[in-house]
Amino acid sequence: MKVTLRVWRQENETAQGRFEEYEADNLNPNMSFLEMLDVVNEKLTGDGKDPIAVAHDCREGICGTCSSMINGEPHGPENGVTTCQTYMRSFNDGDVITVEPFRAEAFPVLKDLITDRKAFDKIMQAGGFITARTGSCQDANALPIGKEVADLAMDAAACVGCGACVAACKNSSAMLFVSAKAGQLNLLPQGQPEKDTRVLNMVAAMDEAGFGNCTNQYECSAACPKEISEEFISKLNRDYLIASVRSSVKAKPTTMK
Amino acid sequence: MNILHALFKTSIGKKVIMAVTGLILVGFVIGHLIGNLQIFLPPEKINEYAHFLQSLGKVLWLIRIGLLVAVVLHIWMAVSLVLENRAARKKGYQSQKTLRASYASRTMKYSGLIVFAFIVYHLLHFTVKSTHGEDFYPMTMLHGEKVYDVHTMMVLGFQQPLVSIFYLIAIALLSLHLSHGFSSMFQSLGLRTRSWSGLLEKLAITISVLYFLGNAAIVIAVMTGMVGIQNPDFASCCPVEAHEVANAKH
Amino acid sequence: MILDSKIPSGPLEKKWEKHIMDGKLVNPANKRKYDVIIVGSGLAGASAAATLGELGYNVKCFTFHDSPRRAHSIAAQGGINAAKNYQNDGDSVYRLFYDTIKGGDFRSREANVYRLAQVSANIIDQCVAQGVPFAREYGGLLSNRSFGGAQVSRTFYARGQTGQQLLLGAYSALSRQIGLGNVTMYNNSEMLEVVTIDGHARGIITRNVNTGKIERHSAHTVVLGTGGYGNVFYLSTNALNSNVTAAWRAHRKGAAFANPCYTQIHPTCIPVSGDYQSKLTLMSESLRNDGRIWAPKKKGDKRPAHEIPEDERDYYLERKYPSFGNLAPRDISSRAAKEACDDGRGVGDTGLGVYLDFRDAIQRLGESAIRERYGNLFDIYHEITNESAYKQPMRIYPAVHYTMGGLWVDYNLMSSIPGMFVMGEANFSDHGANRLGASALMQGLADGYYVLPYTLPHYLANVPREAAPSTDHPEFVKAEEEVNARTKKLIDNNGKQTVRSFHKRLGKIMWDKCGMARNKSGLQEAITEIQGLKEEYWQDVRVPGTAASLNQSLEIAGRVGDFIELGETMCRDALSREESCGGHFREEHQTDDGEALRDDEKFHHVAAWEYKGENEAPERHVEPLIYESVKLATRSYK
């Protein structure tokens, strides 16, 4: 099969970008989208041109590195997959395919289709953890956790941190990411002691990073390669509200300000 | 952490304010509709109701101020959220598909703006009573007291096609606004879960449709003449066409 | 070069405890005076960085990824072993130790493996405390599954994403330390050279892959947790950016490279479909709990699977290894698949594939039970092949998956460069000639959480508590010049062939001649071919773009250059090891029924290669394997 690519090319963070067209010919429908780009890039390199910079690594949908907007949808037309799991059989012979980077002020474009998503790391550093000093932990089975809770936590934990939620959201909101990360830990008994500070700090870091606000349209869930439910956003809202009220009224030890 | 900071300065807090003020306003518009539906009863009922509200005095003003604060906060937060959202993606996509978002959710700011314009007009029309001439605000006797004849005011209002059309458009947009807002506020308050989100969406649609039908019924009833002027003193003070309609009824 | 493994004396069970007691400590106030560089942020790197940061060391952690969470540990599917004996099925520290030693075909270090089994249980405790959502039973207790090479259920798992969850656990602990300022994280920073001063590792040179900026970083010690080198085969289950460069640069600076020929070919991967293919996808070994592997009995049988009657199917693993059946270890299962395909009984268009069939399990347990256990793997299979494994058997074929070889380390995880430590897949010590399933995650976390934090002070206590060397030191200047010269050579080369085309050619040589089966003449040819390839590479490779910018071609070019050199050393190692063991199968050395034939008398040792200079043959050193507890036996899974 044959397709025409309209690809966003931008030399660096400050450069003015533009779309360029490339023909990709002799494609096998069983090629992945990234393998198709490999073929295009081999040709560009051979022709002495700069190949298209594209973020990728594991190519099996788990590392969360790949991040392209394909024909107006993060990770392309199929549901529940990443860019690397998108196959050419999802397109028709002769299609024109528009490829853009994920766009948000919090995710500046570094080159072509590669964006900088360190804002997610900052959010995690603010509270996306359970404090558990190495070596200080009780026996794993000393704390039974019901299967339903464990499974729900796993649903949230499946997040690969790709940023498709931000890319799909009309407001560039990171709520699905933050709610999945906080939700996983808030659901589990181990996560209870730090629950309030976790949500308050993670949301503060999220706002600080310049993401937009959630307007409950759930584009994030629809675009999520792991199909994480917007229910976690609801849970984050609830946890946040409770934490705000509680932290305003609760008794504090004298050692705390 | 200061609760006011959490509410007014954070993304989730702002949404909570949107939800709470939205809830107040939803309650108000539904109550208002139920009150208005009394137009289908004998005129004394709605006039009594209106008079009762007027007679609340300071309480009425408290309610009015409360509603005003809710509206102001709702709009203030909405504007603030929209500005932040714009700033969060300055360079947009060449093409972006809508995956799941409803039409209503994507048009909240427009439906909201038009509804706001309507509310201003509506208040000037029926509360301040400054959009029309004195003839449009007749009085009547109720239990020996001279009161506004709200029944006739409504009929007179909706007998004007332009007013009715604007009213219908605004109500349609408000219903659209509600169809997203009603379930959205549960999400923002953290009360929407997977186990009942389906039901909630249906409930939101049902309430919005009923709300539209209820309001539209009043306008259409007046426009088709099913509800007419019943004020016997009216002949001397009302416009010609309305007079004729009133007479025809008698 | 003297390879002193520094294995503590005393009974096996007491060695680690004794070693901890005999070692030195660094007092809490002094820890912050030591700078520790950790390269890599996978299971080993992240867990070590988090733990050392927590202990008070001044940690600098480097990854070439845009976030520590992207390390390839994230892709591990099946699970992590631990001797918890939660199933009451006869597991113990000793049994896990023995299974691992035997699984490695008696080519790993006894004391290291025993320590690994000892700390395995703590890892599960640690991960649960961090909020890792392991699979659980309805009563709330942890669930286990079985893995190859074991007759007990000791594998803990989180759906088919165990590596992801464990890495995210370590990443969250690391993130906390970054937030607290105990660890400085350097994302997008690829290590291109190690700096040694007076023979001790004291720093690294990195390139910021976003900007091209070359940076010097100094410290009191350098720790590598940079993963394996499976991508030397071009096609493997490794992530595309996984590479050997950090380890290879250390090797060139004096770190011995041990057992490079020990590579693991995983039996259950999705077969290659075309030459455009960029990587191979693993189907977790856990599938062999319920799937049955078979090939048609008749040669060239092209009927669809469901038309082949039961008595014309050869469930060859069950036939050949009745006691382990479909859960035979990876090396054995892979070779059996190759044997069936070489015999002309392979399935699929290419004839390079066998069936992994869930028909019986679906009949027995119902489709929903299978969906619950393996749903995401079946989905991955469907995405790639467009076939439903609920309706027809999966087609699978072996693919390069893991490398047991790596930089030589002693019991303290220190390489032959003093002050340089190596953890996880990047070192060599725990898996011998074959790694059992669900042991890689165990080793990565054991090294990072529980081994290095104890052994690092033994070294640091003898390092003067003065500031780390200045980055203006002549050795830093020299190392940076080396990096710049190499980069300049690549960029200015202006050849005709792309980096990828060289990588593909290297991969083909390696797979054909140093893959699942090896022989003397093939390996000799491979060495000559690779030498030729190397020469051609540096003459004719084309790297577009500039050095001072984001340049993915340049990144790969450096890595492929190192892979080529590694490939030659791997072939030399495979050639010199005149026996078959684990993943290393020499056709000359097999039993009558085609099983690996070890030569314990001549080869019960570690082969560690010393770099001798550009275009010089490396020197082979030997560390004898001394077994005090385990008796060498022929590995049998029959």
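Every value quoted in this text rests on a predicted model; they were computed, and no experiment measured them.

A. Main features of the interface of chain A and chain C. Every contact between the two is made by 73 residues of chain A and, on the other side, 72 residues of chain C. Summed over both sides, the interface between chain A and chain C buries roughly 5,900 Å², with carbon and sulfur atoms accounting for 50% of that surface. Together, Glu60, Lys147 and Met154 of chain A form the three largest contributors to the area buried by chain A at its contact with chain C, with a combined 12%. In this assembly, chain A and chain C are joined by seven salt bridges. In this structure, the salt-bridge partner of lysine 279 of chain C is glutamate 60 of chain A, at a minimum N-O distance of 2.5 Å. Seen at the junction of chain A and chain C, the total is 44 residue pairs in polar contact (both at pLDDT 80 or more). The biggest single contributor to the side of chain A that touches chain C is helix α3 (residues 147–157) of chain A, with seven residues. Counted by class, the side of chain A that touches chain C contains 34 nonpolar, 21 polar and 18 charged residues.

B. Spatial organisation of the pattern of salt bridges. All names here are of chain C. Tallied over the full model, the rule gives 91 salt bridges over all chains. A salt bridge links arginine 107 to glutamate 579; its shortest N-O distance comes to 2.8 Å. Taken together, the positions of arginine 107 in the loop between α4 (93–103) and α5 (110–130) and glutamate 579 in the loop between α16 (552–576) and α17 (600–603) put the pair 472 residues apart, joining distant regions of the chain. In terms of burial, arginine 107 and glutamate 579 fall into one category: buried. Here glutamate 614 ties to lysine 534 by a salt bridge, and the two come within 3.0 Å at their closest N and O atoms. With glutamate 614 in the loop between β20 (605–610) and β21 (619–624) and lysine 534 in helix α15 (residues 520–540), this residue pair connects regions lying 80 residues apart in the sequence.

C. Quick look at the interface of chain A and chain B. At the interface, 56 residues of chain A touch 42 residues of chain B. For the pair chain A and chain B, the summed buried surface comes to about 4,100 Å²; carbon and sulfur atoms form 48% of the total. The salt bridge involving glutamate 73 of chain A is made with lysine 97 of chain B; its shortest N-O contact spans 3.6 Å. In this structure, the connection of chain A to chain B is made through 38 residue pairs in polar contact (both at pLDDT 80 or more). When contributions to the side of chain A that touches chain B are tallied by element, the ones reaching two or more residues are β1 (3–9), β4 (73–74), β5 (96–101), α3, α4 (164–168), α6 (195–208), α7 (219–223) and α8 (231–249) of chain A. By residue number, the principal contributor to the side of chain A that touches chain B is α8 of chain A, which donates twelve residues. Class assignment for the residues of the side of chain A that touches chain B results in 26 nonpolar, 18 polar and twelve charged.

D. Local environment of the packing of helix α5 (residues 175–187) of chain A against α6 of chain A. Residues and elements named next belong to chain A. Running from amino to carboxyl end, α5 crosses α6 at an angle of 165°, the nearest separation of the two axes being 10 Å. One finds that α5 runs roughly antiparallel with respect to α6. Both α5 and α6 take part in a crossing whose hand is right-handed. Counting all contacts with α5, which are made through Met175, Val178, Lys181, Ala182, Leu185 and Asn186, the residues of α6 involved are Lys195, Arg198, Val199, Met202 and Met206.

E. The sheet that holds strand β16 (residues 406–407) of chain C, seen in detail. Residue and element names in this part refer to chain C. Reading across from one edge, β16-β10-β20-β21 is the order of the four strands in this open sheet, with antiparallel pairing throughout. The outermost strands of the open sheet, each flanked by one partner alone, are β16 and β21. Packed onto the sheet, α16 meets β10 (257–258), β20 and β21 and runs at close to 145° relative to β20.

F. Structural view of the packing of aromatic side chains. With the rule as written, the count across this model stands at 36 aromatic pairs over all chains. Both rings, one in tryptophan 294 of chain C and one in tyrosine 355 of chain C, keep their centres 4.7 Å apart while their planes meet at 45°; by these two values the pair is tilted. Of this pair, tryptophan 294 of chain C sits in strand β12 (residues 292–296) while tyrosine 355 of chain C sits in strand β14 (residues 354–357), and the two are 61 residues apart along the sequence. Its relative accessible area of 0% is what places tryptophan 294 of chain C among the buried residues. Pairwise contacts between aromatic rings join Phe118, Tyr121, Phe158, Phe166 and Tyr167 of chain B into one cluster. The residue whose ring lies beneath lysine 147 of chain A is tyrosine 138 of chain C, and the NZ or CZ to ring-centre distance is 5.5 Å. Positioned over the ring face of tyrosine 390 of chain C is arginine 371 of chain C, at 4.3 Å from the centre of the ring.

G. Molecular detail of the confidence of the model for chain B. Put simply, chain B has an average pLDDT of 91, and 93% of its residues get 70 or more. pLDDT under 50 marks residues 236–250 of chain B. Its contacts with residues more than four places away, or in other chains, come to 16 contacts.

H. Representation of the domain arrangement of chain C within the structure. Residues and elements named next belong to chain C. If you check the domain split of chain C, you get domain 1 (266–401) and domain 2 (474–611). Placing a centre on the C-alpha atoms of domain 1 and another on those of domain 2 gives a separation of 30 Å. Taken together, the contacts link eleven residues of domain 1 with ten residues of domain 2. For the pair domain 1 and domain 2, the summed buried surface comes to about 860 Å²; carbon and sulfur atoms form 57% of the total.

I. Local environment of the side chain of arginine 136 of chain C. You can see arginine 136 of chain C is positioned in the loop between α5 and β4 (155–156). It is aspartate 151 of chain A that comes nearest to the buried, bridge-free arginine 136 of chain C among opposite-charge side chains, at 8.4 Å. A distance of 2.7 Å separates a polar side-chain atom of arginine 136 of chain C from the backbone oxygen of glycine 140 of chain C. Among all residues touching arginine 136 of chain C, those that are not within four sequence positions of it are Ala140, Leu143, Pro144, Ile145, Lys147 and Ala150 of chain A together with Val128, Leu141, Leu142 and Ser143 of chain C.

J. Representation of α3 of chain A within the structure. Taken together, the buried positions of α3 of chain A are Lys147, Ala150, Ala153, Met154, Ala156 and Ala157 of chain A. Looking at the buried positions of α3 of chain A, the neighbouring elements they touch are α5 and α8 of chain A together with α6 (162–180) and α11 (367–385) of chain C.

K. Spatial organisation of the arrangement of the chains. In this assembly two pairs of chains touch, with chains A and C having more contacts than any other pair. In this view chain B stays clear of chain C, with the nearest C-alpha atoms of the two still 20 Å from each other.

L. Here's a closer look at helix α3 (residues 43–55) of chain C. All names here are of chain C. An ideal rise of 1.5 Å per residue puts 18 Å on 13 residues; α3 measures up with 18 Å between its terminal C-alpha atoms. With respect to burial, α3 is a largely interior element, eleven of its 13 residues being buried. Those residues of α3 hidden inside the fold are in contact with β1 (35–39), β2 (58–62), α6, β5 (183–186) and α12 (440–460). Downstream of α3 by one or two residues, glycine 56 has phi in the positive range, about 115°.

Conventions we followed
- All residue numbers refer to positions counted from 1 along the written sequence of the respective chain.
- Written order determines the labels here, with chains lettered from A and ligands numbered from 1.
- pLDDT decides what is reported in this predicted model: residues at 70 or higher carry local features, side-chain atom pairs at 80 or more are listed and counted, and totals for whole chains, interfaces and linings draw on all residues regardless.
- To get the side-chain values, take all heavy atoms of the structure and skip hydrogens and water.
- Contacts were defined at the residue level, with two residues in contact if any of their heavy atoms lie within 4.5 Å.
- Buried area: the accessible surface (1.4 Å probe) lost by two parts on joining, summed over both.
- By definition here, a salt bridge exists when the distance from a side-chain nitrogen of Lys or Arg to a carboxyl oxygen of Asp or Glu is within 4 Å.
- Under this definition, polar contacts are N or O atom pairs within 3.5 Å; protein pairs additionally need one hydrogen-donor-capable and one acceptor-capable atom, and for neighbouring residues in sequence, both atoms have to be side-chain atoms.
- Strands here mean DSSP runs of E at least two residues long; helices mean DSSP runs of H or I at least four residues long; both are numbered from the N terminus.
- When residue character is reported, Ala, Val, Leu, Ile, Met, Phe, Trp, Tyr, Cys and Pro are called nonpolar, Asp, Glu, Lys and Arg charged, and the others, Gly included, polar.
- Between buried and exposed lies partly exposed: a residue is buried under 20% and exposed over 50% of the maximum accessible area for its type, with that area taken using a 1.4 Å probe on protein chains only.
- A fitted line through C-alpha atoms serves as each axis, taken over the contacting stretch for helices, and the angle formed by two N-to-C directions is quoted from 0 to 180°.
- Angles are sorted into four bins: roughly parallel if under 35 degrees, roughly antiparallel if over 145, roughly perpendicular if 65 to 115, and oblique for all others.
- Put simply, a crossing is left-handed when the front helix is turned counterclockwise from the back one by less than a right angle, and right-handed when it is turned clockwise.
- A pair of strands is treated as paired once DSSP finds two or more bridges between them.
- Here a pair means two rings of Phe, Tyr or Trp (six-membered ring of Trp) with centres within 6.5 Å. Their orientation is stacked below 30 degrees between planes, edge-to-face above 60, and tilted elsewhere.
- Whether a charge sits over a ring comes down to the Lys NZ or Arg CZ being within 6 Å of the ring centre and within 35 degrees of the ring normal.
- A score from 0 to 100, pLDDT tells how confident the predictor is in each residue.
- Residue ranges assigned to each domain were obtained from an automatic or database domain assignment.
- His is not counted, nor are the chain ends; Lys and Arg add positive charge and Asp and Glu add negative charge.
- What a helix is expected to span follows from its residue count: subtract one and scale by 1.5 Å.

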